[in-house]
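# Survey of secondary and tertiary structure
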Amino acid sequence: MSEPIMTHSESIEINAAPAHVWAMVTAMERYGEWSSENTGGYWRKNEDGIPGTGQVGDEFVGINRIGEDEWKALVEIIERQENTTFAFVTGGTAMNLAHWRYDLEATNSGTLLTESWALMNLSPLMIEHGDDEVQFRAANAKESISATLQAMKAAAEK
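Taking 1.5 Å per residue as the helical rise, helix α4 (residues 131–156) with its 26 residues ought to reach 38 Å, and the 37 Å between its terminal C-alpha atoms agrees with that figure. The set of residues buried in α4 consists of Glu-133, Val-134, Ala-138, Asn-140, Ala-141, Ser-144, Ile-145, Thr-148, Leu-149, Met-152 and Ala-156. Where α4 is buried, its residues meet β1 (6–14), α1 (18–25), β3 (59–66), β6 (98–107), β7 (110–119) and α3 (124–129).

So, in structure tokens, the structure goes:
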């Protein structure tokens, strides 16, 4: 595996049991409730016509929006350790663009949730528009991580 081009991660303490936080982290179709960029999405069907459920190899199509720009992004689940780690890669393993990862750790008061982003390869848009686009996407990932963690905390602690 190649080294990331850039990375960012943040953690937040959530006063809720790891199993409760895990249910939120793995409910990708609900990310629109928490993310500043993602507005929702759907699980792709496998060869048998059955939609994914968040297992390794399952694919999800996220619908994203920044301002007036809206696009779909394919992600593939690349790691799942119950109540501990959930990770997916933008562009699927074929393109290997950006890794997104959630790590959960039980604490005395609930769960320490860490969200991480690692840019692995430049997207066609980043290649076309150069460093300005790379920096824009990195700043957006940082803002999105912060917003998502804060919103997940608020939702979990209701």
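Next comes the rest of the write-up.
Since the α-helix turns once every 3.6 residues, residues separated by three or four places project in the same direction. Among the residues of α1, Pro-18, Val-21, Trp-22, Met-24 and Val-25 are the ones counted as buried. End-on view of α1: buried residues confined to an arc of 160°, all on one side of the axis. Where α1 is buried, its residues contact β1, β4 (69–81), β5 (85–90), β6, β7 and α4.

Take the pattern of salt bridges next. Pairs can form between side chains of opposite charge once their charged atoms are near each other. Tallied over the entire structure, the rule returns eight salt bridges. We note a salt bridge from Glu-82 to Arg-80, for which the minimum N-O separation is 2.6 Å. Among the ionic contacts, a cluster of salt bridges with common partners joins Glu-79, Arg-101 and Asp-103.

This part covers the environment of Leu-97. As for its placement among the helices and strands, Leu-97 is situated in the loop between α2 (92–95) and β6. Between the C-alpha atoms of Leu-97 and Ile-50, which are 47 residues apart in sequence, the distance is 26 Å. Non-local contacts of Leu-97, meaning those with residues more than four positions away in its chain, are made with Val-89, Thr-90, Gly-91, Ala-118, Leu-119, Met-120, Asn-121, Leu-122 and Ser-123.

Calculation rules
- Residues numbered from 1 in each chain as written.
- Predicted model: local features only at pLDDT ≥ 70, side-chain atom pairs only at ≥ 80, totals over all residues.
- Heavy atoms only, no water.
- Helix = DSSP H or I, 4+ residues; strand = E, 2+ residues; numbered from the N terminus.
- Expected span 1.5 Å × (residues − 1).
- Buried < 20%, exposed > 50% of the residue type's maximum accessible area, 1.4 Å probe, protein only.
- Contact = heavy atoms within 4.5 Å.
- Arc of directions from axis to C-beta.
- Salt bridge = Lys/Arg side-chain N within 4 Å of Asp/Glu carboxyl O.

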